[in-house]
Structure formats: C-alpha cells, structure tokens
Amino acid sequence: GAVVSQHPSRVICKSGTSVKIECRSLDFQATTMFWYRQFPKQSLMLMATSNEGSKATYEQGVEKDKFLINHASLTLSTLTVTSAHPEDSSFYICSARAGGEHYSNQPQHFGDGTRLSIL
Amino acid sequence: AQSVTQLDSHVSVSEGTPVLLRCNYSSSYSPSLFWYVQHPNKGLQLLLKYTSAATLVKGINGFEAEFKKSETSFHLTKPSAHMSDAAEYFCVVRVTDSWGKLQFGAGTQVVVTP
C-alpha cells in the first residue's frame with residue numbers, strides 16, 4: 001500500500017518551454033504533498049508544501065511564479081516548471097501524506113522522481 | 001531548529017563486512033529521526049524511524065540504528081553488507097512545525113566491493 005507515482009520519469013526539453021510533472025497517490029488520499037529538488041550528488045531540498053484545495057507554501061528562495069504547484073484533488077498534485085532554463089535541470093521528487101497540517105506524525109511516501117534536463 | 005549532520009560523504013565496504021553510517025542530530029526537542037535509502041535515479045525508501053520509543057530501532061533489509069541522546073547520534077548499521085546495499089543513504093529529522101517537514105542530511109554514498 002501507500003504507492004506514489006510520478007510521471008514522467010524523465011523529460012528532456014528545450015530552453016524556454018514549460019514542463020509539467022505529475023504526482024499521484026494510487027491507493028490513498030493525499031491531503032498533503034511535498035515537492036523536493038535534488039541536484040547531482042546533493043541532498044533533497046524542500047521546495048514547497050501543498051495542501052489539497054489550498055495554495056502551496058513555498059520555501060524561502062523558491063520562485064512561486066517559476067514553479068507552479070497545483071493540488072486540486074486528493075490524488076493528484078502537479079509541478080509546472082515555467083519557461084525552463086538549463087539551471088532548472090534537476091531531479092524532482094514528490095512525497096504524499098494522507099493527513100493535512102497538524103498530522104505531522106504520519107509518514108511521507110515518496111515517488112520515484114523525475115529527471116528534468118533542459119537543453 | 002532541527003538539523004542532521006552525516007559525518008561521511010562516502011563509505012566503501014567489502015561484501016559481507018559490517019556497515020556503519022554516522023549521523024549526528026541537533027534538536028531542542030525529542031526528535032523524530034529517519035534513515036532513507038535512494039538507489040540511482042529512484043525515489044526514497046524508508047529504512048527505519050525513531051519516534052521516542054525504543055532506542056534501538058530495527059528496519060528493513062537487516063539495518064538497524066541506535067538513538068543515543070547523550071551523544072546526539074543516530075548511526076545506521078548492518079552486520080553484513082550485500083552488493084544490493086550500494087546506494088545513497090540519508091539521515092533525516094522531522095522539523096517540529098505544524099506540517100512535519102523533513103530536513104535531510106547531505107547523504108552518504110555507500111560502495112560495496114566484491
């Protein structure tokens with residue numbers, strides 16, 4: 001149980017295009033989803049926290065107009081990298097949790113990640 | 001604020017020998033600590049977690065970790081390394097905010113040689 005699916009697993013696109021990454025909870029309802037970015041040989045950095053039906057909360061230094069997050073249903077959150085440039089190339093990972101705010105003890109379940117390469 | 005420091009960026013072990021991955025934590029409160037493993041180009045798999053119950057925590061695949069408050073440590077061990085243990089390992093602390101965000105350590109790359 002508790003499977004999180006990310007799609008696509010890998011995407012290569014030209015500079016200036018927008019790219020959408022999907023994160024789906026397959027067998028549970030995810031009230032909260034987290035989006036992380038991981039540069040090569042580095043750790044995961046939290047980008048934003050999204051709560052179903054609400055606006056996402058972004059971490060300091062993350063451009064919300066650059067990384068658009070939509071969490072319109074209890075099983076789907078999307079991250080759109082707008083006008084992507086080579087410096088946006090990274091590994092993006094989502095995680096999902098059944099509970100919302102104040103349910104911090106519940107586990108986060110991670111997707112397999114999306115490798116984004118901008119040429 | 002909570003944080004974790006992984007003391008080794010790379011660890012190389014021979015197959016069949018013990019594995020030790022070191023992690024120190026900093027927290028004003030009793031922390032919730034985790035170890036995750038990441039295989040290349042994959043997401044994260046939870047190995048084990050400590051949430052103020054038993055100080056010796058047993059996880060999957062033969063891994064275990066011991067919470068030592070006096071040393072502010074949460075080291076991960078395995079008695080006998082397997083080739084499939086080659087991966088990146090992250091020590092993680094849960095931040096005491098209302099959302100329970102996770103703060104990741106820098107990671108330890110484990111190489112297993114035959």
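Quick caveat, the model's predicted, so the values are computed rather than measured.

What counts and what doesn't
Residues numbered from 1 in each chain as written. Chains lettered and ligands numbered in written order. Predicted model: local features only at pLDDT ≥ 70, side-chain atom pairs only at ≥ 80, totals over all residues. Heavy atoms only, no water. Salt bridge = Lys/Arg side-chain N within 4 Å of Asp/Glu carboxyl O. Helix = DSSP H or I, 4+ residues; strand = E, 2+ residues; numbered from the N terminus. Buried < 20%, exposed > 50% of the residue type's maximum accessible area, 1.4 Å probe, protein only. Phe/Tyr/Trp six-rings, centres within 6.5 Å; stacked < 30°, edge-to-face > 60°. Pairing = 2+ DSSP bridges. Axes fitted to C-alpha atoms, helices over the stretch in contact; angles between N-to-C directions. Contact = heavy atoms within 4.5 Å. Buried area = accessible area lost by both parts, 1.4 Å probe. Polar contact = N/O pair within 3.5 Å; in protein donor to acceptor, adjacent residues only side chain to side chain. Nonpolar A, V, L, I, M, F, W, Y, C, P; charged D, E, K, R; others polar. Core = buried A, V, L, I, M, F, W, Y, C linked by side-chain atoms within 4.5 Å.

Summed over all chains, the structure comprises 7 salt bridges over all chains. Put simply, K101 of chain B and E59 of chain A hold a salt bridge, and the shortest N to O gap is 2.7 Å. You can see K101 of chain B sitting in the loop between β10 (87–94) and β11 (102–104) and its partner E59 of chain A sitting in the loop between β6 (57–58) and β7 (67–73), one on each of two chains. Its relative accessible area of 15% is what places K101 of chain B among the buried residues.

Our next topic: the packing of aromatic side chains. For the coordinates displayed, the defined rule picks out 12 aromatic pairs over all chains. Residues Y36 of chain A and F110 of chain A carry aromatic rings whose centres are separated by 5.7 Å and whose planes lie at 40° to one another, so their mutual orientation is tilted. Here the residue Y36 of chain A occupies a position in strand β4 (residues 32–38), and F110 of chain A occupies one in strand β10 (residues 109–110), the gap between them amounting to 74 residues. Assigned by exposure class, Y36 of chain A and F110 of chain A land together as buried. Look at Y50 of chain B and F74 of chain B: their rings are 6.2 Å apart centre to centre, the planes differ by 50°, and that puts the pair in the tilted class.

Here we come to the sheet that holds strand β3 (residues 19–25) of chain A. Residues and elements named next belong to chain A. Overall, antiparallel pairing links the 4 strands, which are arranged β1-β3-β8-β7 in an open sheet. At either end of the open sheet lies a strand with only one pairing partner, and these are β1 (4–7) and β7. On average, adjacent strands in this sheet sit at an angle of 15° to one another, irrespective of strand direction. Inspection of the sheet shows β1 paired to β3 by 4 bridges, in the antiparallel sense.

To continue, consider the interface of chain A and chain B. With 26 residues of chain A at the contact, the number on the chain B side is 17 residues. Across the interface of chain A and chain B, roughly 1800 Å² is buried in total on both sides, 52% from carbon and sulfur atoms. At the surface where chain A touches chain B, the tally comes to 2 salt bridges. A salt bridge links D112 of chain A to K42 of chain B; the nearest nitrogen and oxygen atoms lie 3.9 Å apart. In this structure, the connection of chain A to chain B is made through 5 residue pairs in polar contact (both at pLDDT 80 or more). For the side of chain A that touches chain B, the elements supplying multiple residues, two or more each, are β4, β5 (44–51) and β9 (90–97) of chain A. Residue classes in the side of chain A that touches chain B are distributed as 8 nonpolar, 13 polar and 5 charged.

Let us now look at unusual backbone geometry. Cis geometry marks the peptide bond from H7 of chain A to P8 of chain A, where omega comes out at 0°. Here P8 of chain A lies in the loop between β1 and β2 (10–13). For K41 of chain A, which is not a glycine, the phi torsion comes out positive at approximately 60°. Structurally, K41 of chain A can be placed in the loop between β4 and β5. We classify K41 of chain A as exposed; its relative accessible area is 83%. Backbone geometry places T72 of chain B, a non-glycine residue, at a positive phi of 45°. Positionally, T72 of chain B belongs in the loop between β8 (64–68) and β9 (73–78).

Formed by 26 residues in total, the largest nonpolar core has its most connected members in W35, L48, F74, L76 and Y89 of chain B. A per-element tally of this core places β10 of chain B first, with 4 residues. Ignoring anything within four residues of it in the chain, the contact list for F74 of chain B reads C23, L33, F34, W35, L48, Y50, V57, A65, E66 and F67 of chain B. Counting 24 residues, the second largest nonpolar core, distinct from the first, contains C13, A30, I69 and L79 of chain A.

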